[in-house]
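Fold and geometry: a report
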Amino acid sequence: MLVTFLLLFFSVQINCINIRNGIKMELNNLSASIYADTYRSQRESNFSEYLNTLYQSSSYKSQLENIVLDGLESKISLSTDDYTIRNTDLEFSIDGDRMEYVFTCEVDFFIKMFGSNYPVITQEIRLTGYHNTKF
């Protein structure tokens, strides 16, 4: 029983590290996309217009979320026999002279007993990234 618990514990830790690393890479890619969009908006008009688009356009926010999720899915599976990633969310806010984005998700880890998978641990993963703006 102790060995099973230790194996489950280390499996959860390793999978969480892999998921967090995948999310970090995708948040870096997101920062590059935001940089391209904010650079264009600052050249063509002003940054407040970009913020209005970000906060008022659900399709633009969904597009940014899909960039992160599609990239994450290309790196790791969102659902395996060992875990399932669910309740993903990407939030934006302005913090001084930089844009903050927070990606959160819940990961359900399973243990296989008697031919069935049972959820045993739910772990929340929360990562924050920043994009510095000059306006």
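Along each chain, residue indices are assigned from 1 in the same order as the chain's sequence is written. Given that the model is predicted, a residue must reach a pLDDT of at least 70 before its local features are reported, and side-chain atom pairs must reach 80 or more before they are shown or counted; all residues, however, enter totals for whole chains, interfaces and linings. The side-chain numbers reported here are obtained from all heavy atoms of the structure, hydrogens and water having been left aside.

Before going further, it helps to spend a moment on the confidence of the model for the chain. For the chain, the mean per-residue pLDDT works out to 78, and 78% of the residues sit at or above 70. A residue's pLDDT is the confidence the predictor assigns to it, expressed on a 0 to 100 scale. Runs of E in the DSSP output that reach at least two residues are strands. Runs of H or I that reach at least four are helices, and both are numbered from the N terminus. Between the elements of the chain, mean pLDDT differs from a low of 68, seen in helix α2 (residues 47–56), to a high of 85, seen in strand β1 (residues 83–95).

In this analysis, rings of Phe, Tyr and Trp, with Trp reduced to its six-membered ring, are considered paired at centre separations within 6.5 Å, and the interplanar angle assigns stacked below 30 degrees, edge-to-face beyond 60, and tilted for intermediate values. Under the counting rule described, the total for this entry stands at two aromatic pairs. Measuring from ring centre to ring centre gives 6.1 Å for Tyr 83 and Phe 109, while their planes differ by 55 degrees; the resulting arrangement is tilted. Of this pair, Tyr 83 sits in strand β1 while Phe 109 sits in strand β2 (residues 98–113); the two residues are 26 residues apart in sequence, bridging distant segments of the chain. In this structure, Tyr 83 and Phe 109 share a single accessibility class: buried. A centroid spacing of 6.4 Å and a plane angle of 55 degrees characterise the contact between Phe 92 and Tyr 101, whose relative ring orientation is tilted. Using a relative accessible area of 10% as the deciding quantity, one classes Phe 92 as buried. Exposure classes here rest on a 1.4 Å probe applied to the protein chains alone. A residue is buried below 20% of its type maximum, exposed above 50%, and partly exposed in between.

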